[in-house]
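Take a look at the letters that make up each chain.
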Amino acid sequence: MPQSSNRIPCLNEDDVARAELPLEQAYTLPADAYTSDEIYRQEVEQIFRRSWLPVARTDQLPEPGCYLTMELFGQPIMVVHGSDGEFRVMPNVCLHRASPILEGSGKRHLFTCPYHAWSYDTQGQLMAAPLMEEATGFSEKDCRLTQIRSEIWEGFIFANFDPDAEPLAPQIEGFTQYFEKFKLADLVVVDTLEYDSRWNWKVLVENFMEAYHHIAVHSETFEPVYHARDSRIPDNTGPWSILHMPSVAEAPDSGLPAVDGLEDWQARDLFANAVFPFFLLGIQGNGGAWYQLLPGGPDRLLLKIHVLVPRSTTALEGFDEMARELSEAIAYIHQEDIGVNDKVWAGLNAPLTEQGRLSPFEKSIWQMNQWWLQQMSAKP
Ligand code: FES
Ligand SMILES: [Fe+2]
């Protein structure tokens, strides 16, 4: 058993040691890791505010002036396609008296604060501040919204609140190479499904990352095509995990064409991938789904499932109908997962619940747990 030390004060050190055992002997994280307010606060500081978090696809902001807004752990942000062509992530908080500036999404070239009408351009530069002439030493040109670090990977815009964070791309090189032929940068969002869930974010991440539950939860949907026992998870070399689910069918049954240049197994099989902590990407040869997680507390999760297809697919005759069927299929599968996640959440909150043994088919959960424990142990 590895040496345990009380590195995560809110968790029992023997519990931590059990989660750190080699995969074949390992246990789940203890229930406190999911339910504790203090652990959630620590996750915000040590994980969420230091990790690369996906905030948008570039195709969601197709033209200069397009923006969308969201809140990340109490910080309102805006993601903007600037008039100079650059994508930026900035606090959606006015430099005057802290009113949020934008709401929802849209397209505009001047962002005017609803409180006293200070106006910003698409690069965050303050352009006009009415009736401020008599404010000594004040100049609009000295005021610009903070630029939050961002990086574009395969069409996904990631943000990181840590100005010293390592760039994302070199950390996930192995992951990028695995999906090179899928041309992920060419995907576009064609539908978004929204769910307000009452569970910890890790309940969903774990549910997403293993195919073991196909035998029960998806016994009539996924299991007949993607047998749990065939699923495999390569060793990872960074903060990511790939779940490869070989298909016994000849081709995906949606009727949507696969990307050119894929090998047969790539066109046919299903992949559920994670870049830790919670960039979740389901991929098939003809499209996929980005699960965007917006945790709102230890027991609250806003989930947006963005349905993705290659841009060229959207021009096909009958595409709208095929896209609708694809969204319905994804929603149906998620409904099956909601049922079990609700139950797991009740179980994790029950006083007698103990750590369970992981199956070797849940290697991706184990990979995530090792990463999570390391992050949570790092000195603040
Ligand atoms: S708070 Fe934005 S202009 Fe006053
Ligand atoms: Fe599932």
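What you see is a predicted model, and the numbers here were worked out from it, not measured in a lab.

Q: Residues and numbers for a nonpolar patch on the surface, please.
A: A cluster of nonpolar side chains, contributed by Tyr212, Ile215 and Phe361, occupies part of the molecular surface with about 270 Å² of accessible area. Tracing the backbone through its elements, the reader meets tyrosine 212 in the loop between helix H6 (201-208) and strand E12 (240-245).

Q: Describe the domain arrangement of the chain, and please don't skip the residues or the numbers.
A: Under the domain assignment, the chain is made up of domain 1 (13-50 + 181-377) and domain 2 (53-160). Between the C-alpha centres of domain 1 and domain 2 the distance comes to 31 Å. Across the boundary between the two partners, domain 1 contributes 21 residues, which contact 17 residues of domain 2. Both sides of the domain 1 and domain 2 interface together cover about 1600 Å² of buried area, and 69% of this is carbon and sulfur. The three residues of domain 1 that bury the most area against domain 2 are Leu184, Phe279 and Trp290, which together make up 29% of that side's buried surface. Summed over the shared surface of domain 1 and domain 2, the number is zero salt bridges.

Q: Could you give an account of the sheet that holds strand E3 (residues 75-81), naming the residues involved and the relevant values?
A: Spatially, four strands are ordered E4-E3-E2-E5 in an open sheet, and the strand pairing comes out antiparallel. Across the chains shown, the open sheet's two edge strands, defined by having one partner strand only, are strand E4 (87-91) and strand E5 (105-107). Strand-to-strand twist of the sheet, defined as the mean angle between neighbouring strand axes without regard to direction, takes the value 20 degrees. The pairing of strand E2 (residues 66-72) with E5 spans three bridges and is antiparallel. From the neighbouring strand, tyrosine 67 faces E5, where its bridge partner is glycine 106.

Q: So what's going on with the packing of aromatic side chains? Residues and values would help.
A: Per the stated rule, a full pass over the model turns up 25 aromatic pairs. Ring pairs connect the aromatic residues Trp153, Phe156, Phe158, Phe175, Tyr178, Phe179, Phe182, Trp240, Trp265, Phe271, Phe279 and Trp290, which therefore count as one cluster. Geometry around phenylalanine 156 places arginine 57 over its ring, the cationic atom sitting 4.4 Å from the centre. Sitting above the plane of the tyrosine 27 ring, arginine 357 keeps its charged end 5.6 Å from the centroid.

Q: So what's going on with the sheet that holds strand E15 (residues 287-297)? Residues and values would help.
A: Within the open sheet, the six strands sit side by side as E11-E16-E15-E14-E13-E12. Their pairing is antiparallel. Pairing within the sheet leaves two strands with one partner each, and these edge strands are strand E11 (187-197) and E12. Averaged over neighbouring strand pairs, the angle between their axes works out to 15 degrees when direction is ignored. Those strands touched by H6 are E12, strand E13 (270-275), strand E14 (279-284), E15 and strand E16 (300-310), and its axis lies near 160 degrees from that of E15.

Q: Mind laying out the packing of helix H3 (residues 37-46) against helix H9 (residues 363-377), listing which residues take part and the relevant values?
A: Close contact between H3 and H9 brings their axes to 9 Å; oriented N to C, the two are set at 85 degrees. The angle between H3 and H9 places the two elements in the roughly perpendicular class. Between H3, through Ile39, Gln42, Glu43 and Gln46, and H9, the contact on the second element is made entirely by Trp372, Gln375, Met376 and Ser377.

Q: Can you break down the nonpolar core residue by residue, with the values?
A: With 74 residues, the main nonpolar core has Val79, Tyr291, Leu293 and Trp372 as its most contacted residues. Broken down by element, this core gets its largest block of residues, eight residues, from helix H8 (residues 319-348). When residues of this core are sorted by domain, at least three fall in each of domain 1 (13-50 + 181-377) and domain 2 (53-160). Setting aside chain neighbours within four positions, we find tryptophan 372 in contact with Leu11, Leu29, Ala33, Ile39, Glu43, Ile47, Trp201 and Lys202. Ranked by size, the runner-up nonpolar core spans 24 residues in total, among them Ala165, Leu168, Ile172 and Ala267.

Q: Describe the pairing of E16, and please don't skip the residues or the numbers.
A: Most of E16 sits out of view: eight of its 11 residues are buried. Examined bridge by bridge, E15 and E16 share nine bridges and lie antiparallel to one another. Bridged to alanine 289 within E16 is valine 307. As consecutive antiparallel partners, E15 and E16 are separated by two residues.

Q: Please provide a residue-by-residue account of the environment of arginine 324, values included.
A: Here arginine 324 lies in helix H8. Since its relative accessible area comes to 40%, arginine 324 is described here as partly exposed. Measuring from C-alpha to C-alpha, the distance between arginine 324 and glutamine 177 comes to 31 Å, with 147 residues separating the pair along the chain.

Q: Outline unusual backbone geometry, supporting the account with residue identities and numerical values.
A: Cis rather than trans, the peptide bond between phenylalanine 276 and proline 277 has omega equal to 10 degrees. Of note, proline 277 is situated in the loop between E13 and E14. Positive phi is not limited to glycine here, since phenylalanine 73 has a value of about 50 degrees. One non-glycine residue with positive phi stands out, namely alanine 98, at about 70 degrees. Position of alanine 98 among the secondary structure elements: in the loop between E4 and E5. Its relative accessible area of 49% is what places alanine 98 among the partly exposed residues.

Q: Explain the coordination of the iron ion (ligand 2) residue by residue, including any values.
A: Around the iron ion (ligand 2), the protein contributes the donor atoms His213 (NE2), His218 (NE2), Asp337 (OD) and Asp337 (OD), which lie 2.1 to 2.5 Å from the metal centre. For the iron ion (ligand 2), the four donor atoms in the first shell make angles of 56 to 149 degrees at the metal, so the coordination geometry reads as irregular. If you list the donors of the iron ion (ligand 2) from N- to C-terminus, the spacing comes out as H-x4-H-x118-D. In this pair, histidine 218 is assigned in the loop between H6 and E12 and aspartate 337 in helix H8, connecting sequence segments 119 residues apart.

Each value, and the rule that gives it
For every chain, the first residue of the written sequence is number 1, and numbering continues from 1 along that sequence. Here chains are named by letter from A upward and ligands by number from 1 upward, in the order in which they appear as written. Local features in this predicted model are restricted to residues whose pLDDT is 70 or higher, and side-chain atom pairs enter the listing and the counts only when it is 80 or higher, whereas totals over whole chains, interfaces and linings include all residues. Side-chain numbers come from the whole structure's heavy atoms, not from hydrogens or water. For patch building, the residue pool is restricted to those with more than 30% relative accessible area and no salt bridge; the joining distance is 9 Å between like charges and 5 Å between nonpolar side chains (Val, Leu, Ile, Met, Phe, Trp, Tyr). In short, Shrake-Rupley with a 1.4 Å probe defines the accessible areas, and a residue's cover is counted only from the protein chains shown. Salt bridges are counted wherever a side-chain nitrogen of Lys or Arg sits within 4 Å of a carboxyl oxygen of Asp or Glu. Helix and strand assignments come from DSSP, with helices taken as H or I runs of at least 4 residues and strands as E runs of at least 2, each series counted from the N terminus. As used throughout, domain bounds are those supplied by an automatic or database domain assignment. Two residues qualify as a contact provided that any one of their heavy atoms is within 4.5 Å of a heavy atom in the partner residue. Each of two parts loses accessible area, computed with a 1.4 Å probe, when they are put together; buried area is these two losses added. Should DSSP find at least two bridges between two strands, the strands are regarded as paired. Fitting a line to C-alpha atoms yields each axis, with helices limited to the stretch in contact; the angle taken between N-to-C directions then spans 0 to 180 degrees. Pairing of aromatic rings covers Phe, Tyr and Trp, the last counted by its six-membered ring, and requires centre-to-centre distances within 6.5 Å; plane angles under 30 degrees mean stacked, over 60 mean edge-to-face, and any other angle means tilted. For a Lys NZ or an Arg CZ to count as sitting over a ring, it must be within 6 Å of the ring centre and within 35 degrees of the ring normal. Roughly parallel refers to an angle under 35 degrees, roughly antiparallel to one over 145, roughly perpendicular to one between 65 and 115, and oblique to any angle outside these ranges. We define the nonpolar core as a collection of buried residues of types Ala, Val, Leu, Ile, Met, Phe, Trp, Tyr and Cys that are connected through side-chain atoms lying within 4.5 Å of one another. Using a 1.4 Å probe on the protein chains alone, a residue whose accessible area is under 20% of its type maximum counts as buried, one over 50% counts as exposed, and one in between counts as partly exposed. In this listing, donors mean N, O and S atoms no farther than 2.8 Å from the metal, or 3.2 Å for Na, K and Ca; water is missing from the atoms, so a site can look incomplete. Just to be clear on the cut-offs, tetrahedral is four donors with all angles between 85 and 135 degrees, square planar is four donors and octahedral six with opposite donors over 155 degrees apart and all others between 65 and 115, and anything else goes down as irregular.

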